[in-house]
Amino acid sequence: MQTINEAFRDRSYMVLYPALPGADLKRLEQELNTLVQGAHESRPPGAGSASRVGDAGLIVVPEASEPSQICRLEYLAGASAWVREHLVPRLAQLASAVAGEPMVLFKDKCNLKHPGGGEFAPHQDIAAYLHFGTSFHVTAAVVLDPATAENGALEMARHWNKLPAGTEGTATPNGLMAVLPYEEGGPRNGDIRDAYLQDAQWELITANAGSIVLFDSYVPHRSARNNSSKTRRILFFTFSLAREGDHYERYYEAKRRAPNNPIFHVSTPTFHSAL
């Protein structure tokens, strides 16, 4: 029988369902609603479409086509004691189990994919994280609303070449892996160049509320636009190797200083992608 890290190593992703007890799911919903409400109330008049820092250091990103709508919140653990003290330690255990060594929180966010919005092109998360001296990450995606083909569920690449010719590999807990060449700057910033995913097969990750999708920072992934009539919410908690240091506050300090820096907007359909 495979251990959890052996099963994860095979594909670089796995789905745990159901993974979050009903009481915790309800409390997480309450915490998120409180953060969203506070973000709306603290919104300065005429703020436009740029991201901003709200109460308790929460980073708020409006929808590009409709600035009155929030499409992303970040710094969740910093803004919510319950998330920081109750949820994060449990997710850190899962991330550490699949990595085979201790991991610490690197960043977090909630994506609110509104009807008609949120198409994410194929990308690797590592392209946004390598600037902080971290080499490997595991993200725990906590599903709040059922993820379906209609509302743009995550899609993970299978049978992709982890070490194409001409790319330099990095030693990770999952073996040698490479940062695939990607577009730098412009509206496709961070998108993997098309030639490198010609042989990839895409697996749609449908999941019910309370499920947790674990994936590493090298596996290419994407998601389609939300063609349903309801907003779809997923929270992403990304963990880095503990032996490489604790970068959570450093990451957000850098993001607050330079919110428009392209390294913070890899393959994201937000206002910043057009800058």
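Residues numbered from 1 in each chain as written. Predicted model: local features only at pLDDT ≥ 70, side-chain atom pairs only at ≥ 80, totals over all residues. Heavy atoms only, no water.

Following the criterion strictly, the structure yields 10 salt bridges and no others. Notably, a salt bridge pairs Arg243 with Glu101, separated by 2.7 Å at the nearest N-O pair. A residue pair is termed long-range when its members are at least 10 positions apart, and Arg243 in the loop between β14 (232-241) and α6 (248-257) and Glu101 in the loop between α4 (81-99) and β5 (103-113) qualify at 142 residues. The class for Arg243 is exposed, based on a relative accessible area of 58%. Each member of the salt-bridge network shares a partner with another, and the members are Arg72, Glu74, Lys107 and Lys255. (Salt bridge = Lys/Arg side-chain N within 4 Å of Asp/Glu carboxyl O. Helix = DSSP H or I, 4+ residues; strand = E, 2+ residues; numbered from the N terminus. Buried < 20%, exposed > 50% of the residue type's maximum accessible area, 1.4 Å probe, protein only.)

What follows is about α6. By the burial criterion, the buried members of α6 are Tyr248, Tyr251, Tyr252, Ala254 and Lys255. Down the axis, α6 shows its buried residues gathered within 155° of arc, on one side only. (Arc of directions from axis to C-beta.)

On to the confidence of the model for the chain. Averaged over all residues, the pLDDT of the chain equals 87, while 90% of them reach at least 70. In this model residues 45-49 is a low-confidence stretch, pLDDT under 50, and it forms 8 contacts with partners more than four residues away in sequence or in other chains. Segment residues 271-275: pLDDT under 50, and 12 contacts once partners within four positions in sequence are set aside and those in other chains are kept. (pLDDT = per-residue confidence, 0-100. Contact = heavy atoms within 4.5 Å.)

Counted under the stated rule, the structure contains 11 aromatic pairs. With 5.2 Å between their ring centres and 65° between their planes, Tyr248 and Tyr252 make a pair best called edge-to-face. Residue Tyr248 and its partner Tyr252 are both found in helix α6; the two are separated by 4 residues, about one turn of the helix. A relative accessible area of 7% places Tyr248 in the buried class. (Phe/Tyr/Trp six-rings, centres within 6.5 Å; stacked < 30°, edge-to-face > 60°.)

It is worth spelling out unusual backbone geometry at this point. What you tend to see is this: most non-glycine residues have negative phi, and most peptide bonds are trans. Positive phi outside glycine occurs at Ser12, with the angle close to 75°. On the secondary structure map, Ser12 appears in the loop between α1 (4-11) and β1 (13-16). For Tyr75, which is not a glycine, the phi torsion comes out positive at approximately 70°. Looking at the secondary structure, you find Tyr75 in the loop between β4 (70-74) and α3 (76-79).

This part takes up the nonpolar core. Most often, soluble globular proteins have nonpolar side chains that are buried together. Core analysis: the largest hydrophobic core is formed by 76 residues, its most contacted members being Leu28, Leu73, Leu76, Trp160, Phe215, Phe237 and Phe239. Counting residues per element, this core draws most heavily on α4, which supplies 9 residues. Excluding its chain neighbours within four sequence positions, the residues that come into contact with Leu76 are Leu35, Leu58, Val83, Asp108, Lys109, Cys110, Leu235, Phe237 and Tyr248. (Core = buried A, V, L, I, M, F, W, Y, C linked by side-chain atoms within 4.5 Å.)

Attention now goes to the sheet that holds strand β6 (residues 120-123). The strands making up a sheet associate through backbone hydrogen bonding, with each pair oriented either parallel or antiparallel. Strands sit in the order β6-β13-β8-β11 across an open sheet of 4 strands; the sheet is antiparallel. Unpaired on one side and paired on the other, β6 and β11 (201-204) mark the two borders of the sheet. Strand-to-strand, the axes of this sheet are offset by a mean angle of 25°, without reference to chain direction. Pairing analysis gives 4 bridges linking strand β8 (residues 154-158) to β11, with the strands arranged antiparallel. Within β11, the residue paired with Ala157 across the bridge is Trp202. (Pairing = 2+ DSSP bridges. Axes fitted to C-alpha atoms, helices over the stretch in contact; angles between N-to-C directions.)

What follows is about helix α2 (residues 22-41). For α2, built from 20 residues, the straight-helix expectation of 28 Å at 1.5 Å per residue is met to within 8% by its first-to-last C-alpha distance of 29 Å. By the burial criterion, the buried members of α2 are Asp24, Leu25, Leu28, Glu31, Leu32, Leu35, Val36, Gly38 and Ala39. All buried residues of α2 project into a common sector of 165° when viewed along the axis, lining one side. Facing away from the buried side of α2 by over 90 degrees, the exposed positions are Gly22, Ala23, Lys26, Thr34 and Glu41. (Expected span 1.5 Å × (residues − 1).)

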